[in-house]
Amino acid sequence: MQPLSDSSNPLITAFPAELASDAEAVLAVMPASRLQPHASFSVAVEGQQVLIPGRLYNDEPPTDAVASLSSRQRQLLHCLYSRHCDGVVRQRHLEKVVGSTDSWVVPFVVQLVGEYVLEILVVICDELRDLATPGTCGHLAYGQFIVDNPAFFARTQRRVVSYWSCCYRGTYASFRGYPGCTLLDLLRSAASDRAGHPWPNLAPAGARADGYC
């Protein structure tokens, strides 16, 4: 298992400081990995900078170890394993937290919007439909996160278009039909309401209507 560590541990710093003790409990049940977390990215969560791993290589902990954690600690564990190097593992753990509107869960979900696994995009799209409804908890939480992290969301928008163009144009000739496009529309809607002005749409002009020509 992972040794308990201080707040500089790359898995503990993936969450706001007030969750450090919960993150340490999670770390204690995670099998050790020969590889360190890779390509971490920084975002703001409730005014704090957190550093989330781009990829995690630890095996999943045993079921009884997960059961020993509190509800919040299991939530943190699922967030971390949504960064796993295996897409099937990412999806399995995402499904446990994607319905949450806790501020520390939101960046893990948005990061997956900008990745390439279609099945994960469909899971997120199905769960985040209420982002289109102003005043819902999800609309407020995701809108605030994007307003606080405009550069991160700009990169996410570009990545969604790039993965569609490189991987899915054969399946979705129009970008408008791609689940990633639906998610960007929902996220921009939430950000626009939170910011009080239309949020920039960074999809290429052709992709907004009919895909690339």
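Because the structure is predicted, anything quoted here is derived from the model rather than measured. (Residues numbered from 1 in each chain as written. Predicted model: local features only at pLDDT ≥ 70, side-chain atom pairs only at ≥ 80, totals over all residues. Heavy atoms only, no water.)

Whenever I open this one, unusual backbone geometry confuses me. Can you help?
Leaving glycine out, the prevailing phi sign among residues is negative, and the prevailing peptide bond configuration is trans. One non-glycine residue with positive phi stands out, namely Ala-39, at about 55 degrees. Structurally, the position occupied by Ala-39 is in the loop between helix H1 (20–29) and strand E1 (41–45). In this model, Glu-46 sits at a positive phi of 50 degrees, which is unusual for a non-glycine residue. Counting through the fold element by element, Glu-46 comes out in the loop between E1 and strand E2 (48–52). (Helix = DSSP H or I, 4+ residues; strand = E, 2+ residues; numbered from the N terminus.)

Can you walk me through the pattern of salt bridges in this structure?
Side-chain pairs of opposite charge can arise where the charged atoms are in close proximity. In this structure the tally under the stated criterion is 6 salt bridges. Taking the shortest distance from any N to any O, the salt bridge between Arg-90 and Glu-115 comes out at 3.8 Å. One end of the pair, Arg-90, is in helix H4 (residues 87–97); the other, Glu-115, is in the loop between helix H5 (106–113) and helix H6 (118–127), with 25 residues separating them in the sequence. Here the two residues Arg-90 and Glu-115 agree in accessibility, since each one is buried. Through salt bridges with shared partners, a single ionic network connects Arg-55, Arg-83, Arg-90 and Glu-115. (Salt bridge = Lys/Arg side-chain N within 4 Å of Asp/Glu carboxyl O. Buried < 20%, exposed > 50% of the residue type's maximum accessible area, 1.4 Å probe, protein only.)

I would appreciate a short explanation of the environment of Phe-153 in the present structure.
Tracing the chain through its elements places Phe-153 in helix H8 (residues 150–168). Considering only alpha carbons, one finds Phe-153 and Gly-114, 39 residues apart in sequence, at a separation of 8.9 Å. Ignoring sequence-local partners within four residues, the contact set of Phe-153 consists of Ile-146, Leu-184, Leu-187, Arg-188 and Trp-199. (Contact = heavy atoms within 4.5 Å.)

Quick question: what am I supposed to make of the nonpolar core here?
Side chains that are nonpolar tend, in soluble globular proteins, to be buried together. Counting 66 residues, the largest nonpolar core has Phe-15, Ile-124 and Phe-175 as its most contacted members. Contacts of Ile-124, omitting those with residues within four sequence positions, involve Leu-94, Val-98, Val-109, Leu-112, Val-113 and Leu-183. (Core = buried A, V, L, I, M, F, W, Y, C linked by side-chain atoms within 4.5 Å.)

Mind showing me how you'd approach the side chain of His-139 here?
Summarising the element assignment, His-139 is placed in helix H7 (residues 137–148). Overall, the relative accessible area of 3% leaves His-139 in the buried class. Within the local environment of His-139, its side chain forms a polar contact with the side chain of Asp-193, the two groups lying 2.8 Å apart. Sequence-distant contacts of His-139, defined by excluding residues within four places in its chain, comprise Asp-130, Leu-131, Ala-132, Thr-133, Pro-134, Ser-189, Ala-190 and Asp-193. (Polar contact = N/O pair within 3.5 Å; in protein donor to acceptor, adjacent residues only side chain to side chain.)

How do you make sense of the packing of aromatic side chains when you look at a structure like this?
Following the criterion strictly, the structure yields 8 aromatic pairs and no others. Between Phe-41 and Phe-152 the ring centres are 5.5 Å apart and the planes differ by 15 degrees, which places this aromatic pair in the stacked class. You can see Phe-41 sitting in strand E1 and its partner Phe-152 sitting in helix H8, a full 111 residues away along the chain. On the basis of an interplanar angle of 55 degrees and a centroid distance of 5.7 Å, the ring pair of Tyr-116 and Tyr-163 is categorised as tilted. In this pair, Tyr-116 is assigned in the loop between H5 and H6 and Tyr-163 in helix H8, connecting sequence segments 47 residues apart. On the basis of relative accessibility, which here comes to 23%, the residue Tyr-163 falls in the partly exposed class. Pairwise contacts between aromatic rings join Trp-164, Tyr-168, Tyr-172, Phe-175 and Tyr-178 into one cluster. Over the aromatic face of Trp-164 sits the side chain of Arg-169, whose NZ or CZ is 5.9 Å from the ring centroid. (Phe/Tyr/Trp six-rings, centres within 6.5 Å; stacked < 30°, edge-to-face > 60°. Lys NZ or Arg CZ within 6 Å of the ring centre and 35° of its normal.)

Can you help me understand the side chain of His-93 in this one?
Tracing the backbone shows His-93 in helix H4. Contact partners of His-93, with chain neighbours within four places excluded, come to Glu-60, Leu-77, His-78, Tyr-81 and Ser-82.

In this structure, what is going on with the environment of Thr-182? I would like to understand it.
Examined against the element boundaries, Thr-182 turns out to sit in helix H9 (residues 179–195). Under the relative-accessibility criterion, Thr-182 is labelled partly exposed at 24%. With residues near it in sequence (within four places) discarded, Thr-182 still touches Cys-125 and Arg-129.

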